[in-house]
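# Structural description and commentary
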Amino acid sequence: MKAYWSLFVARFALLLQYRTAALAGVATQLFWGFVKVMVLEAFFTHATSAQPMTFREATGYVWLGQAFLIALVPWGGDKEIQELIRSGSVGYDLLRPTDLYNFWFTRALALRTAPLILRGLPLLGITMFLFPIVGLSERSLSLPPSFASGIAFLMSFIGGILLSSTITMLLTVSMMWTLSGEGINSVLPNLITIFSGMIIPLPLFPEWLQPCLNFLPFSGLLDKPFRLFTGNLPPNELFNILLHQIFWIFVIIILGRFLVKYGVKKLVIQGG
């Protein structure tokens, strides 16, 4: 366990060095956040029927998505590990006296959590505290409606980070089974972006699609934690949300371990 903790701390500290890129990312996400909020404002203004969430809840949903964009959405596998697999240098990782899946999962966990400090917290501060000062209260991020909602969000958010890390591992390990690894690393993140609620809040999808969206693991990344934060879901839904996240975490970990176990057996390392 000490080895994994040391790896996490070292990887986390390394990722914190990319401060300029993070600053540019905050500016970019603010811009796109405004675009999404204005689109939603036009939709709610001209809607002729009752919607499953209020404009205030949808606005908070959007800003949370922009703040945790990098942390919760698995945009791809670990590029460094995939390059090690491609070049054959992964042999060094195979010689380490650690479980290979746990070793790579620790890296994935650091990859998902470091952006919380560099991008997430600054953007939350701007949208939650600065916007009301400059007259953008209607388009700002509000605090959770209750203390219970805040605690429920925090617990489900941790589940979302773990779930995102397991999906990141799947994308990383896919390199063992393909020549380039670019196929699934290009297709799956786009599907996750749509079905996690990153583009459109999931409650605004057609009613007939809701059972499928709620069952898929992707709703546990963004949609359900964000709806707890904004008050669209009551805190007593936390148990069901955690159950959904834990189920998919275990399923994906089992699948990932299977792929690593048999991927190592079929892996060809040049020169070795």
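A short tour of the structure in this document, coming up. Just so it is clear, the structure is predicted and the values come from calculations on it, not from any experiment.

### Observations regarding the overall build of the protein
Within the protein one finds twelve helices and zero strands. When the helices and strands of the protein are placed in sequence order, the string is α-α-α-α-α-α-α-α-α-α-α-α. By the burial criterion, 49% of the 272 residues in the protein qualify as buried. For the protein, long-range pairs separated by at least 24 residues make up 81% of all intrachain contacts whose partners lie at least 6 apart in sequence.

### Here's the deal with the side chain of Ser 196
Within the fold, Ser 196 resides in the loop between helix H9 (182-195) and helix H10 (210-215). Judged by its relative accessible area of 0%, Ser 196 falls in the buried class. One polar contact links the side chain of Ser 196 to the main-chain carbonyl oxygen of Ile 192, over a distance of 2.7 Å. Apart from residues lying up to four places away in sequence, Ser 196 is in contact with Tyr 61, Leu 202, Phe 218, Leu 222 and Asp 223.

### Points about the packing of helix H3 (residues 55-67) against helix H11 (residues 223-230)
The relative placement of two packed helices is expressed as an angle between their axes plus a distance between the axes. At a minimum axis separation of 9 Å, H3 and H11 run at an interaxial angle of 130 degrees. It follows from the interaxial angle that H3 and H11 lie oblique. Read as a crossing pair, H3 and H11 show a hand that is right-handed. Between H3, through Glu 57, Gly 60, Tyr 61, Leu 64 and Gly 65, and H11, the contact on the second element is made entirely by Asp 223, Phe 226, Arg 227, Phe 229 and Thr 230. Grouping the constituent residues of the contact of H3 with H11 by class yields four nonpolar, three polar and three charged.

Rules and cut-offs
- Residues numbered from 1 in each chain as written.
- Predicted model: local features only at pLDDT ≥ 70, side-chain atom pairs only at ≥ 80, totals over all residues.
- Heavy atoms only, no water.
- Helix = DSSP H or I, 4+ residues; strand = E, 2+ residues; numbered from the N terminus.
- Buried < 20%, exposed > 50% of the residue type's maximum accessible area, 1.4 Å probe, protein only.
- Contact = heavy atoms within 4.5 Å.
- Polar contact = N/O pair within 3.5 Å; in protein donor to acceptor, adjacent residues only side chain to side chain.
- Axes fitted to C-alpha atoms, helices over the stretch in contact; angles between N-to-C directions.
- Parallel < 35°, antiparallel > 145°, perpendicular 65-115°, else oblique.
- Left-handed = near helix turned anticlockwise from the far one by under 90°.
- Nonpolar A, V, L, I, M, F, W, Y, C, P; charged D, E, K, R; others polar.

Remember, this is a structural readout, not a statement about activity or role.
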